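Spelled out from the first residue to the last, the chains are:
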Amino acid sequence: MSMSVGSDSGDEDQVMSEINTTPLVDIMLVLLIIFLITSPVVLKLQKIKLPEETNQVIQTKPEDVNIVVNKDGDIYWNQKKMKDTNELFDFLKVEAVKLPQPEVHVRGDQETRYESIGKVIYTTQRAGIQKVGFITEPPDRG
């Protein structure tokens, strides 16, 4: 009497190539629950005081550079329309070497694409301007 190991048909069992992810999902859910419970406790241990926001009205100086970007992406330098950012770069290079270096104030329309403002900021950075600010309107207090 002999004892056979394997299937009755004599074929070898095929190797299962699928990965069972159920235990992994179970462990991840348990870890998620643990972190959700412990994170508020950890965050309350450190007492910090955040800085308070203060907006100061800054008086513009005649030597400051004002750049306006309208909602169509057109760039204006002190009411003069620029053809492109290369022309703006040429103007900014002249301003960048002045001492003291003037500040650049960018006024962007609320509906202007971020790409247009980004091009202006990148151009000022390339020209070597150190101080760039944005002009905004305060919210209504109604």
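Residues numbered from 1 in each chain as written. Predicted model: local features only at pLDDT ≥ 70, side-chain atom pairs only at ≥ 80, totals over all residues. Heavy atoms only, no water.

## Describing the overall build of the chain
Move 1: Looking only at helices and strands, one finds three helices and five strands in the chain.
Move 2: Mapped from its N terminus to its C terminus, the chain presents α and β elements in the order α-β-β-β-α-β-α-β.
Move 3: Counting all 142 residues of the chain, 18% fall into the buried class.
Move 4: Summing over all exposed atoms, the chain offers an accessible surface of approximately 12900 Å²; the carbon and sulfur share of this is 56%. (Helix = DSSP H or I, 4+ residues; strand = E, 2+ residues; numbered from the N terminus. Buried < 20%, exposed > 50% of the residue type's maximum accessible area, 1.4 Å probe, protein only. Areas by Shrake-Rupley, 256 points an atom, 1.4 Å probe, with all protein chains shown as cover.)

## Brief notes about the pairing of strand β1 (residues 65-69)
Move 1: Side chains of β1 alternate between two faces, with Val65, Ile67 and Val69 buried and Asn66 and Val68 left unburied.
Move 2: Inspection of the sheet shows β1 paired to strand β4 (residues 104-108) by five bridges, in the parallel sense. The residue of β4 that forms the bridge with Asn66 is His105.
Move 3: Two strands pair when backbone bridges link them, and β1 and strand β2 (residues 75-77) are joined in this way by three bridges, in the antiparallel orientation. Counterpart to Ile67 in the pairing with β2 is Trp77.
Move 4: The turn linking β1 back onto β2 is made up of five residues, and Gly73 within it adopts a positive phi angle of 90°. (Pairing = 2+ DSSP bridges.)

## A look at the pairing of β4
Move 1: With three bridges connecting them, β4 and strand β5 (residues 132-134) associate as parallel partners. What sits directly across from Val104, in β5, is Val132.
Move 2: With helix α3 (residues 114-127) bridging β4 and its parallel neighbour β5, the resulting β-α-β unit is right-handed. (Right-handed = clockwise from strand over helix to strand, strands pointing away.)

## Notes on helix α2 (residues 85-96)
Move 1: Over its 12 residues, α2 extends 16 Å from the first C-alpha to the last, a length consistent with the 16 Å expected when each residue adds 1.5 Å.
Move 2: Taken together, the buried positions of α2 are Glu87, Leu88, Phe89, Leu92, Glu95 and Ala96. (Expected span 1.5 Å × (residues − 1).)

## Digging into α3
Move 1: Along its 14 residues, α3 runs 20 Å from first to last C-alpha, staying within 8% of the 20 Å computed at 1.5 Å per residue.
Move 2: Buried residues of α3: Ser116, Ile117, Val120, Thr123, Thr124 and Ala127, and no others. Buried residues along α3 cover an arc of 120° about the axis, so they all sit on one side. In α3, the exposed positions angled more than 90 degrees off the buried face are occupied by Tyr114 and Gln125.
Move 3: Where α3 is buried, its residues contact β1, β2, α2, β4 and β5.
Move 4: Positioned one or two residues after α3, Gly128 has a phi angle of 95°, which is positive. (Arc of directions from axis to C-beta. Contact = heavy atoms within 4.5 Å.)

## Overview of the nonpolar core
Move 1: With 16 residues, the main nonpolar core has Ile67, Trp77, Leu88, Leu92, Val104 and Val120 as its most contacted residues.
Move 2: For this core, the element with the highest residue contribution is α2, accounting for four residues.
Move 3: Residue contacts for Val120: discarding those within four places in its chain leaves Ile67, Val69, Ile75, Leu88 and Val106. (Core = buried A, V, L, I, M, F, W, Y, C linked by side-chain atoms within 4.5 Å.)

## Looking at the side chain of Thr123
Move 1: Note that Thr123 resides in helix α3.
Move 2: Once you skip the residues sitting within four places of it in the chain, Thr123 turns out to touch Thr85, Leu88, Phe89 and Leu92.

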